Structure formats: C-alpha cells, structure tokens
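# Survey of secondary and tertiary structure
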Amino acid sequence: MSRVASSPSRQSAVGDLGTSYEALDFRFAVTCDEPILGSRLAALFRPVQRAAAEALQAARQDIAIRRNGGGFSIEIDGILDPGIRTAGEVLDHLQWHVNSQVIDRVSQRGTGFHAAALQRDGVTLLCPAESGSGKSTLAAALVRDGWTYLSDEAVEIDPAAGQLVPYPKAITLDPGAQHLFPEVRPEVADTQSWYADPDAWGPRAAYVPSAPTVVLLPRFALGGGLLVDSLAAGPALLALAQSTFHFRRGPERNLRRLGRMVRTTPVYSLRYESLDLALEGVRRVLDEVGS
Amino acid sequence: MPEDLLRHPDGVLVEDVGDAVVLFVPEPEALHLLDGPAALVWRLAEARTMRGVYDILVRTFPDVSTLRDDVEKTVTDMLGRGLLATQDHSPRLR
C-alpha cells in the first residue's frame, strides 16, 4: 500500500491512497486495503481532510486497516489493535479513537469543551453538555436550520483571543435521534451511530473565528417541556467546568479561561423534550441577548 | 468565637466572578462555589479572626439576629473543607 496524501479536491477512496486528516492538531492518515470500506472511511473523515501540501510536511499517526479473515484488523503506528472487526465496527472504533486522541491532546495543552458549537449571523453558540444530553441532535437540527457547523463533539478555546477552534467531524446521530433525520440515512446501516456529513444539508457560510457570544447548556428531558434559564456566573462556571476536558490537567489555566468566559458571555440552560422545542428555546435565548 | 487568625490556604486557586467566588482546592481536588454571604465571609477571612469577620459584617447586616452563629458555622465549615486555614496551621480537613 502506498501512502501518498491526496488532494482534497479528489474524493479519494482510501483503498488506493493514504489520506491525511487533521482534527484540532491531531494529525492522522488512514490507509485501507479494501476499497468499499476505504470509501466509507474517506466519507467519514472528509470534513477533517487536510490539503495535500500540508499533509506531506506534518508528523502524523498512521492508521492502517487490513482485511483479516472475514473481518478487518486495525494497526496504529505499526501496533496491532486487538480484535477482528466488521466494517461497521471499524468505522465506530476509528471515530471513537480519533475523538479520544483529540480530547487527550487538547486537554494536555489548552482548554477544550465537550460541546457542540455553531455560528450564524454573527452569533457564535457554544453548547457544552455531557454525552446523551442531545447536543449532537441539536447540532444537526441547527445545521439543517441554516447554522454553520463547528462541531458536535469538541471545541478548543484559543488562549489569545478566546475564539473557538472547531473540530468539524461528521455529526454523530445515535439510534434515538436517527428517525428525526431521515435525509441523512446511510446507505449501509451497519454502524451503531449514523455519521452525517455536515455538508449534507447544503453549503453554509464559512466560520468566522469568534469567541462564543452565547453559551447554552442543552439537556434533553422526555416530558420536560421547554425550560430556558439564565445562569449566574458562579453556577455557569461550575457547569462549564463539568464539560471541560480533563479540567484537572490544567486547573489554573482552565479556571482563568472559564472565569473570563462567564464574566463576558451570557450562559443559559435549555431543557427540552423535542427538537421543535429546542429550536424554539434557541430562538428565545437569541431574542433575549438581542441577536 | 475562636481567636485563631484565618487565612486563604496555599495552593487554592481563586476565580472571582462578581457575586461569587469559585475555588479549586488541590487536595482533595474539587471545585467549590461560594456565593452570596459565603463569598463575603471567605473574602473577609484573610488575616482576620472569626470575630474580626463578624465585626465587619455586623455593620452591614445589623438586623440579622443569627449573624454571629451564621459566621461561626460558615467559617467552621470552610475550615473543614479546606477552603480556609488558620495561620501557621495546615487546613483542617474532614
């Protein structure tokens, strides 16, 4: 297998070329010796694909997928990952692996949030929330509604200006949310989650680097109706700390950055029981902050 | 009221967010939110005794009949949680 970075203008099947990617400074390349799975991997990681010229220069983690009996094995930087996986399991595992690497690196060097983030009409929305809260579902709904996508999983805070640095991975739609987005149903449904290309809903305005203008803490709650509350700075800081990746790896820098954020940015909690109510809640918050 | 001089412990990170103070205590690692009266007490406690803190607060809240007990309870609680220490002593942790 050759490893040559491809031009992002080519929709390369990873089966014939190694392709390089970058997710919040985590650089990796993927090769696969089975073309159909290779194409699916290329589609999965397309949103974080790197330009060829940059890819050739950067150090990166090499991920190789090889046919092994009736399944596939994964090798990372020459080390065999235990287990034989189906094609769907390879996709699930690699998305998890890349997310883990991103989180680990961000938390070592700076401040990052487990969060969705989007932008529209000068408003940059940061939605920190734990897994299962519905933030990916909310992100998908907002992208469908015309918002520019930054991430459904993680963003880093640029230490100089407090701007959000995006991780625009494929949007992960869990089984409980998939029925809400039939338009992005995958052709092959062998993964636990759907991985929706953010561009599937059409082109959006390019992200203009910005600090968050509103922080929204979403939480899906069946039977909970819609509840929007403004948070005081103290509780807001605690809530943000809970969504900060490995807060304890850099408590001083994280505390300072969160403190600066809650002193300058309005923070709301949003509890909702349906997607329509979530969008209504977002509109209410934007009305309240005058956007 | 005990006469020990109080202090903010070494190694505790402080972020003042207006009405509230958020503290990161390294041992055991935890974030603590102090708002309202608790934040006031904590801010005043550096280099003062419990009585000294009370004497300042009673000028602001002269009509709070339970103020003395409230201050003593709050300071004792903070000493127990490692949010305050006494001078020349380690923080008394539960």
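To start, this report covers the structure provided alongside it. Keep in mind that what you see is a predicted model, and the values were worked out from it rather than measured. (Residues numbered from 1 in each chain as written. Chains lettered and ligands numbered in written order. Predicted model: local features only at pLDDT ≥ 70, side-chain atom pairs only at ≥ 80, totals over all residues. Heavy atoms only, no water.)

## Quick notes on the packing of aromatic side chains
Applying the stated rule across the entire model yields seven aromatic pairs over all chains. An angle of 15° between the planes, with centres 5.1 Å apart, marks the rings of Phe 26 of chain A and Phe 28 of chain A as stacked. Exposure class is identical for Phe 26 of chain A and Phe 28 of chain A. Each is buried. Note on Phe 181 of chain A and Trp 201 of chain A: the rings are 6.2 Å apart at their centroids and 75° apart in plane angle, and the pair reads as edge-to-face. In this pair, Phe 181 of chain A is assigned in the loop between α5 (175-178) and β12 (194-196) and Trp 201 of chain A in the loop between β12 and β13 (214-220), connecting sequence segments 20 residues apart. There is no split in this pair, since Phe 181 of chain A and Trp 201 of chain A are both buried. Ring pairing ties together the aromatic residues Tyr 21, Phe 26, Phe 28 and Phe 45 of chain A, which thus form one cluster. Just above the ring of Tyr 54 of chain B sits the side chain of Arg 68 of chain B; from NZ or CZ to the centre is 5.9 Å. (Phe/Tyr/Trp six-rings, centres within 6.5 Å; stacked < 30°, edge-to-face > 60°. Buried < 20%, exposed > 50% of the residue type's maximum accessible area, 1.4 Å probe, protein only. Helix = DSSP H or I, 4+ residues; strand = E, 2+ residues; numbered from the N terminus. Lys NZ or Arg CZ within 6 Å of the ring centre and 35° of its normal.)

## As for the packing of helix α1 (residues 37-45) of chain B against helix α2 (residues 50-60) of chain B
All names here are of chain B. Their axes nearest at 9 Å, the elements α1 and α2 cross at an angle of 130°. Taken together, the axes of α1 and α2 are oblique relative to one another. Crossing hand, α1 versus α2: right-handed. Taking contact as the criterion, the partners of Leu 40, Val 41, Leu 44 and Ala 45 in α1 are, on α2, Val 53, Ile 56 and Leu 57. (Axes fitted to C-alpha atoms, helices over the stretch in contact; angles between N-to-C directions. Parallel < 35°, antiparallel > 145°, perpendicular 65-115°, else oblique. Left-handed = near helix turned anticlockwise from the far one by under 90°. Contact = heavy atoms within 4.5 Å.)

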